[in-house]
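Listed below are the residues making up each chain.
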Amino acid sequence: MNERMIRIRGARSNNLRSVDLDLPRGSLTVFAGVSGSGKSSLVFDTIAAEAGHQLNETYPPFTRNRLPKWTRPEADELSGLSPVVVIDQRRIGGNARSTVGTLTDTWTYLRLLYSRIGTPHVGESNRFSFNDPAGMCPNCSGLGEAVEIDVDRFLDPDRSLSEGAILLPGFVGGGYWFGKIADTGSFPVDTPVRDWTEDRRTALLHGGGPAARLDPRPPADFEALVPWFERIYLRTSDDLSDRKQAAIDQFTRSGTCPECGGDRLNAEARAVRVLDRTIGEMSRLEVAELADLVDQVREPEVAPVATALGDRLRAMTAIGLGYLHLGRATTTLSGGESQRVKTVKHLGSSLVELLYVFDEPTVGLHPHDVDAMTGLLERLRDKGNTVLVVEHDPAVMAIADQIVEIGPGAGTDGGRVVFQGPFADLKRADTPTALALERRTPVNTVPRERNGTVTVEKADRNNLQNVTVAIPTGVLTVLTGVAGSGKSSLAAELVDRHGAIVVDQRPVGANRRSTPITYTGIAAPIRRLFAKASGLPAKYFSANSEGGCPDCGGLGVRYTDLAFMDGQETVCDTCGGRRFTERALQHRVDGLTIADVDELSVADAIHRLEDPAIRKALHGLDRVGLGYLRLGQPLTTLSGGECQRVKIARELREATEASLYVFDEPTTGLHLSDIDTLVGVLDQLVERGHTVVVIEHNLDVIRRADWVVDLGPGAGRHGGRVLYEGPVAGIEGTATARALQTG
Ligand code: ADP
Ligand code: ADP
Ligand code: ZN
Ligand code: ZN
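Residues numbered from 1 in each chain as written. Chains lettered and ligands numbered in written order. Predicted model: local features only at pLDDT ≥ 70, side-chain atom pairs only at ≥ 80, totals over all residues. Heavy atoms only, no water.

## Details of the environment of Arg703
Okay, so step 1: Secondary-structure assignment places Arg703 in helix H27 (residues 699-703).
Okay, so step 2: Taking C-alpha positions, Arg703 is 9.2 Å from Thr445, a pair spaced 258 residues apart along the chain. (Helix = DSSP H or I, 4+ residues; strand = E, 2+ residues; numbered from the N terminus.)

Right, here's the structure in full:
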């Protein structure tokens, strides 16, 4: 394939309005546009999805089934694509065997060093692999943590087996595994577990014959719950699915392994030294420090390994990860950190002509760190790859070969290409991004008066160096500092000591049925509108009740639960996904059926559904810039930034007594033009008497703070100190102060 362009014709996924676009291969393109305009729909749901799909098609069916599933985009033509690498902010999976070292391949190099020049001399490098029986600590199997199964959580003693006493996935609701147990005839299926003999409970949990058989049949083959759990969940080195991980979290406890002290390796491997350090000690050094240490390796036989390792560690430092250590479990990384760690892996790749797709790579980065990230994007391109970036930061737009702006508005007001060309031309264009670029937020010179103070004294969590700060209450405080300086650690102290309400980017919505309707609690008022218009009882308009399609129970999809594998979802063919009965669909309010209401955007619903309760509930979502969400859109489709704004909207509605709020980078995913709206919302919280503390890199937000706490000067052990506390207008001499002057 030698095409020079990625050719897109008639792309229509989500809100895209039949987008036609040609993108030069081998170049760096930034996709800009207001939140909800369709950037992700184009870049992820269309381009990356088709590239992924086409790549999968090249594999035999057996392999294909094990690859990530891509939903094929709606488009007339998509050509000129390459194998795609998506580097998004999804946190790196829950696999406890994955560390910063293993994920970046630096651990492989380090193992090689130890196997070749370590003393006492040892054999092969897999002796230093905690994922290999030759190297792993026998007590924790290389996890560094001893996971203890918490059998108390397996059973609900108040229920009998047939009432679902076994709480493990796959047993609930009479599943396959439940049948296996019930069929043994060894357990009283209808007696609450509490009333069983100790022997019988032990037999169910751990095996061994129960004292007396209840059934004349010979005992059927049966695996007790604990060995079953270990086999299905714990003795696996595969990447774990979210469902499996959730089960592990639910039914186990863990702590540092007493045998290896968290080093994950066996005694032999833990004793070997290079430069007088054990590999465990090296894994606890900060990456930046380790890079300097590795430079001291002189043995010629490992020179290429040491060079490769040093280069990789320096690349990590360059993109603002120098404060991490290789032993850090990837499960503890933030979204932005995860993305940067994933990026490092690809820097070393010698593959060319790939398609790299990034989702806001500057998240979590101080302006000071952004240069390193842009350098990295340029390097990927210069190696001959095509790089597509969804990004709001002008510093990234400035280095792009071209900008594509999707817009002009959000949802149905967006979905078109409103600009394509170099950044210099964008600045002269008449688009929302161009207008926002021109704007300059003035520094807040009249900060609000505090009404009190909350203090954190002598904090030493993670890298904090005995930090004492006084946070003013009743005002907006911004925590600033380079990545890894200790902002999140300080915020965590604040939360622990003062019980703050954390408004973060974790998913909202308890289950797959959660939508803006359920979340804001307007389902009942909507049904009442339909009941009033039709004269029928409201329950005929409830998908969970009489109004729901009988075949899918009002879900619109059918879901096959496969116990320990990820479930399968298919659209219900009775209702075609519309969830309601024909009867419910016959009645209309303002020309809309109950199913049409799902398709309304929040902003449209505020205009069309005449009910004060509905308007009041939805107003909050509109105010935080989410007016483009569809009422029936599953909350599972929201990005981290959108989830956070949904939570802000709820707090705006519900919080009554004065509270302390902590926000982690609320501008994530927000277009420059939406930032005013966001700060307006934070201001509203303050005006209602709340205290708002925000971790934020966005200069427009920092400029509007009443109070700034600047941490640094560097990352990790080079940070963790308070450099400045005071009104934003007074900050001087720090990296944040410099960024405020130039940015
Ligand atoms: P952006 O990336 O520019 O913020 P998106 O592409 O995520 O915008 O969203 C564009 C529009 O499509 C929005 O109205 C959004 O609510 C809608 N949308 C996004 N993802 C889905 C989805 N999985 N299902 C239905 N609608 C979606
Ligand atoms: P920031 O929020 O300013 O980016 P953090 O507070 O996240 O900084 O991190 C400060 C330091 O604490 C870093 O050296 C980081 O690696 C370390 N750290 C943060 N979280 C953890 C954790 N869960 N385990 C170990 N170290 C951590
Ligand atoms: Zn161990
Ligand atoms: Zn149905």
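From this point on, the discussion continues.
## Topic: the packing of aromatic side chains
Aromatic rings in a pair are described by how distant their centres are and how their planes are angled relative to each other.
Okay, so step 1: Within this structure, the stated rule accounts for 10 aromatic pairs.
Okay, so step 2: Seen from their ring centres, Phe154 and Phe251 are 5.6 Å apart, and the 90 degrees between their planes marks the pair as edge-to-face. A residue pair is termed long-range when its members are at least 10 positions apart, and Phe154 in the loop between strand S6 (145-149) and helix H5 (176-182) and Phe251 in helix H8 (residues 242-251) qualify at 97 residues. Here Phe154 matches Phe251 in class, with each residue buried.
Okay, so step 3: Ring pairing ties together the aromatic residues Phe154, Trp228, Phe229, Tyr233 and Phe251, which thus form one cluster.
Okay, so step 4: The ring of Phe130 has Arg264 sitting right over it, with the charged end atom 4.9 Å from the ring centre.
Okay, so step 5: Above the face of the Trp707 ring, Arg450 is positioned so that its terminal group lies 4.8 Å from the ring centre. (Phe/Tyr/Trp six-rings, centres within 6.5 Å; stacked < 30°, edge-to-face > 60°. Buried < 20%, exposed > 50% of the residue type's maximum accessible area, 1.4 Å probe, protein only. Lys NZ or Arg CZ within 6 Å of the ring centre and 35° of its normal.)

## Quick notes on the pattern of salt bridges
Okay, so step 1: In this structure the tally under the stated criterion is 37 salt bridges.
Okay, so step 2: One salt bridge connects Asp700 with Arg439, and the closest N-O pair in it is separated by 3.6 Å. Taken together, the positions of Asp700 in helix H27 and Arg439 in the loop between helix H17 (432-438) and strand S14 (452-459) put the pair 261 residues apart, joining distant regions of the chain.
Okay, so step 3: Arg439 gets classed as partly exposed once you look at its relative accessible area, which sits at 27%.
Okay, so step 4: A salt bridge links Asp683 to Arg704; the nearest nitrogen and oxygen atoms lie 3.7 Å apart. Of this pair, Asp683 sits in helix H26 (residues 672-687) while Arg704 sits in the loop between H27 and strand S22 (707-712), and the two are 21 residues apart along the sequence.
Okay, so step 5: Using a relative accessible area of 15% as the deciding quantity, one classes Asp683 as buried.
Okay, so step 6: What you see here is one network of salt bridges that share partners, running through Arg439, Arg448, Asp676, Asp683, Glu687, Asp700, Arg703, Arg704 and Asp706. (Salt bridge = Lys/Arg side-chain N within 4 Å of Asp/Glu carboxyl O.)

## Concerning the packing of helix H24 (residues 612-626) against helix H25 (residues 640-654)
Pairs of packed helices are described in terms of their axes, by the angle between the two and the distance that separates them.
Okay, so step 1: Across the interface, H24 lies against H25 with an axial gap of 8 Å and an inter-helix angle of 135 degrees. Our classification of the angle between H24 and H25 gives oblique. At the point where H24 passes H25, the crossing takes the right-handed sense. Contacts between H24 and H25 involve Lys616, Ala617, Gly620, Leu621, Arg623, Val624, Gly625 and Leu626 from the former and Glu642, Arg645, Val646, Ile648, Ala649, Leu652 and Arg653 from the latter.
Okay, so step 2: Tallied by class, the residues present in the contact of H24 with H25 amount to 8 nonpolar, 2 polar and 5 charged. (Axes fitted to C-alpha atoms, helices over the stretch in contact; angles between N-to-C directions. Parallel < 35°, antiparallel > 145°, perpendicular 65-115°, else oblique. Left-handed = near helix turned anticlockwise from the far one by under 90°. Contact = heavy atoms within 4.5 Å. Nonpolar A, V, L, I, M, F, W, Y, C, P; charged D, E, K, R; others polar.)

## Considerations on the coordination of the zinc ion (ligand 3)
Okay, so step 1: At the metal site, the zinc ion (ligand 3) is ligated by Cys137 (SG), Cys140 (SG), Cys257 (SG) and Cys260 (SG), and these contacts range over 2.2 to 2.4 Å.
Okay, so step 2: Viewed at the metal, the 4 donor atoms of the zinc ion (ligand 3) are separated by angles of 102 to 113 degrees, and the geometry they form is tetrahedral.
Okay, so step 3: Sequence positions of the residues that donate to the zinc ion (ligand 3) give the spacing C-x2-C-x116-C-x2-C. Of this pair, Cys140 sits in the loop between helix H4 (106-117) and S6 while Cys257 sits in the loop between strand S7 (252-256) and helix H9 (267-271); the two residues are 117 residues apart in sequence, bridging distant segments of the chain. (Donors = N, O, S within 2.8 Å, 3.2 Å for Na, K, Ca; no water. Tetrahedral: all angles 85-135°; square planar, octahedral: opposite > 155°, others 65-115°.)

## Topic: the coordination of the zinc ion (ligand 4)
Okay, so step 1: Protein coordination at the zinc ion (ligand 4) comes from Cys549 (SG), Cys552 (SG), Cys572 (SG) and Cys575 (SG), with a distance range of 2.3 Å.
Okay, so step 2: The site at the zinc ion (ligand 4) holds 4 donor atoms, and with the angles between them running 104 to 115 degrees, its shape is tetrahedral.
Okay, so step 3: Here the donor residues of the zinc ion (ligand 4) share one chain and are spaced in sequence as C-x2-C-x19-C-x2-C. Of this pair, Cys549 sits in the loop between helix H20 (523-534) and strand S18 (557-560) while Cys572 sits in the loop between strand S19 (568-571) and helix H21 (582-585), and the two are 23 residues apart along the sequence.

## Focus on the site of ligand 2
Okay, so step 1: Surrounding ligand 2, one finds 15 residues, the nearest of these being Arg328, Gly484, Lys487, Ser488 and Ser489.
Okay, so step 2: At a separation of 2.7 Å, an oxygen atom of ligand 2 approaches a polar side-chain atom of Arg328.
Okay, so step 3: Gly486 is positioned such that a nitrogen or oxygen atom in its backbone is 2.9 Å from an oxygen atom of ligand 2.
Okay, so step 4: Protein contact buries 78% of the 560 Å² of open area that ligand 2 shows by itself. (Near = heavy atom within 4 Å. Polar contact = N/O pair within 3.5 Å; in protein donor to acceptor, adjacent residues only side chain to side chain. Areas by Shrake-Rupley, 256 points an atom, 1.4 Å probe, with all protein chains shown as cover.)

## With respect to helix H18 (residues 487-498)
Okay, so step 1: Here H18 contains 12 residues, and its C-alpha end-to-end distance of 16 Å stays within 8% of the 16 Å for a straight helix at 1.5 Å per residue.
Okay, so step 2: Residues of H18 that are buried sit in contact with S14, strand S15 (467-473), strand S16 (476-480), strand S20 (660-664), strand S21 (691-695) and S22.
Okay, so step 3: Downstream of H18 by one or two residues, Gly499 has phi in the positive range, about 60 degrees. (Expected span 1.5 Å × (residues − 1).)

## Concerning helix H7 (residues 225-234)
Okay, so step 1: When H7 is considered as a whole, its buried residues turn out to be Leu225, Val226, Trp228, Phe229, Ile232 and Tyr233. Buried positions in H7, seen along its axis, are confined to an arc of 155 degrees and lie on one side of it. (Arc of directions from axis to C-beta.)

## Some details on the side chain of Thr386
Okay, so step 1: Considering the arrangement of structural elements, one finds Thr386 in strand S11 (residues 386-390).
Okay, so step 2: Residue contacts for Thr386: discarding those within four places in its chain leaves Ile6, Pro24, Arg25, Gly26, Ser27, Leu354, Leu355 and Tyr356.

## Focus: the site of ligand 1
Okay, so step 1: Around ligand 1, the structure places 15 residues, and the nearest of them are Gly36, Lys39, Ser40, Ser41 and Gln633.
Okay, so step 2: Between Lys39 and ligand 1, the recorded distance is 2.8 Å, taken from a side-chain N or O atom to an oxygen atom.
Okay, so step 3: With respect to ligand 1, the side chain of Gln633 contributes an N or O atom lying 2.9 Å from an oxygen atom.
Okay, so step 4: Tallied by class, the residues present in the shell around ligand 1 amount to 2 nonpolar, 11 polar and 2 charged.

## A short note on the sheet that holds S22
Okay, so step 1: Strand order across the open sheet formed by 6 strands is S17-S20-S21-S16-S22-S23, with mixed pairing between neighbours. Single-partner strands in this sheet number two, and they are strand S17 (501-503) and strand S23 (721-726). In this sheet, neighbouring strand axes are inclined to one another by 20 degrees on average, regardless of whether the strands run parallel or antiparallel.
Okay, so step 2: The sheet contact formed by S17 and S20 spans 3 bridges and is parallel. Looking at S20, one finds that Ile501 is bridged to Tyr661.
Okay, so step 3: On top of the sheet, H26 reaches S16, S20 and S21; it is set at about 150 degrees to S21, its chief contact. (Pairing = 2+ DSSP bridges.)

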